[in-house]
Amino acid sequence: EAGVAQSPRYKIIEKRQSVAFWCNPISGHATLYWYQQILGQGPKLLIQFQNNGVVDDSQLPKDRFSAERLKGVDSTLKIQPAKLEDSAVYLCASSKRPTSAGEQYFGPGTRLTVT
Amino acid sequence: EDKVVQSPLSLVVHEGDTVTLNCSYEVTNFRSLLWYKQEKKAPTFLFMLTSSGIEKKSGRLSSILDKKELFSILNITATQTGDSAIYLCAVGAYSGGGADGLTFGKGTHLIIQP
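Everything quoted here is computed from the prediction, not taken from an experiment.

Basis of the calculations
- Residues numbered from 1 in each chain as written.
- Chains lettered and ligands numbered in written order.
- Predicted model: local features only at pLDDT ≥ 70, side-chain atom pairs only at ≥ 80, totals over all residues.
- Heavy atoms only, no water.
- Helix = DSSP H or I, 4+ residues; strand = E, 2+ residues; numbered from the N terminus.
- Rg over C-alpha atoms; globule rule 2.2 N^0.38 Å.
- Buried < 20%, exposed > 50% of the residue type's maximum accessible area, 1.4 Å probe, protein only.
- Contact = heavy atoms within 4.5 Å.
- Areas by Shrake-Rupley, 256 points an atom, 1.4 Å probe, with all protein chains shown as cover.
- Lys, Arg positive; Asp, Glu negative; His and termini not counted.
- Charge placed at Lys NZ, Arg CZ, Asp CG, Glu CD.
- Pairing = 2+ DSSP bridges.
- Axes fitted to C-alpha atoms, helices over the stretch in contact; angles between N-to-C directions.
- Phe/Tyr/Trp six-rings, centres within 6.5 Å; stacked < 30°, edge-to-face > 60°.

1. Section: the overall build of chain A
Moving on, step 1. From N to C terminus, chain A includes zero helices and 11 strands.
Moving on, step 2. For chain A, the sequential pattern of α-helices and β-strands runs β-β-β-β-β-β-β-β-β-β-β.
Moving on, step 3. Over its C-alpha trace chain A gives a radius of gyration of 13 Å, about what one expects of a compact globule, namely 13 Å for 115 residues.
Moving on, step 4. Here the C-alpha coordinates of chain A stretch approximately 40 × 25 × 25 Å along the principal axes.
Moving on, step 5. Here chain A holds 115 residues, and 46% of them are scored as buried.
Moving on, step 6. Look at the contacts in chain A between residues 6 or more apart in sequence, and 54% of them connect residues 24 or more apart.
Moving on, step 7. Approximately 5600 Å² of chain A is accessible, and the part contributed by carbon and sulfur atoms is 49%.
Moving on, step 8. Between the averaged position of the 14 positive side-chain charges in chain A and that of its 10 negative side-chain charges there is a distance of 3 Å.

In structure tokens:
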């Protein structure tokens, strides 16, 4: 079974530029999550999708971050404009709710550096 | 606000030693506690605990949850250099509307010296 796929793996941009990350979850997983992991911290949830609907985006900085999962499969997370403090690893995870009871599988992440 | 605190934040031991990693939590409507191992890439799932006092075991790793005292421990026996990683503890909660994102601690950075 293929794991969660993410691209790109690395991205360097200047502040005020825009950037987009892509995620393809494990086949059959209805729930998709985006997390932000700043160096030295644990992952922090940004947004959760159930199929193509948003379940929780309470911690998403909506003035600059947006995400979509139009067909209920892959997802895109965008930052526009980027700030220095957005430098982090962006992790995508998926789960096979409801039977997974919280178990989430993570992709390799995209490491973003904002200069 | 849900909170997860791990200790120690870093730990250096020699190969063959046994280590115990700690995780305490404060969460409304607790559902589960999960342990992940993170090397230079994606966190990989180790254990999920939902009931107190039931030890989960996988090879040299084991974990147990105490829902009364709100903590969990992860034990690694006969450590090997390949165990070097960041170990993340996360809690899941029952929330309205199906939201079940995890709240993570900062992690314990474990280094095993040969």
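2. Things to note about the sheet that holds strand S1 (residues 5-7) of chain A
Residue and element names in this part refer to chain A.
Moving on, step 1. Strand order in the open sheet formed by four strands is S1-S3-S8-S7, and the pairing between neighbours is antiparallel. Of all strands in the sheet, those with a lone pairing partner are S1 and strand S7 (65-68), marking the two edges. The sheet shows a mean angle of 15 degrees between the axes of neighbouring strands, taken without regard to direction.
Moving on, step 2. Bridge count between strand S3 (residues 19-24) and strand S8 (residues 75-79): five bridges; the pairing is antiparallel. The partner of Val19 across the bridge, within S8, is Ile79.

3. A few points about the packing of aromatic side chains
Residue and element names in this part refer to chain A.
Moving on, step 1. In this structure the tally under the stated criterion is 10 aromatic pairs over all chains.
Moving on, step 2. Between Tyr33 and Tyr35, the aromatic rings sit 6.2 Å apart at their centres with planes inclined by 35 degrees, giving tilted as the arrangement. Here Tyr33 and Tyr35 have matching classes, each one buried.
Moving on, step 3. Seen from their ring centres, Phe65 and Tyr90 are 6.4 Å apart, and the 40 degrees between their planes marks the pair as tilted. Within this pair, whereas Phe65 is found in strand S7, its partner Tyr90 is found in strand S9 (residues 88-95), the two being separated by 25 residues in sequence.
Moving on, step 4. Look at Tyr90 and you get buried, because its relative accessible area is 0%.

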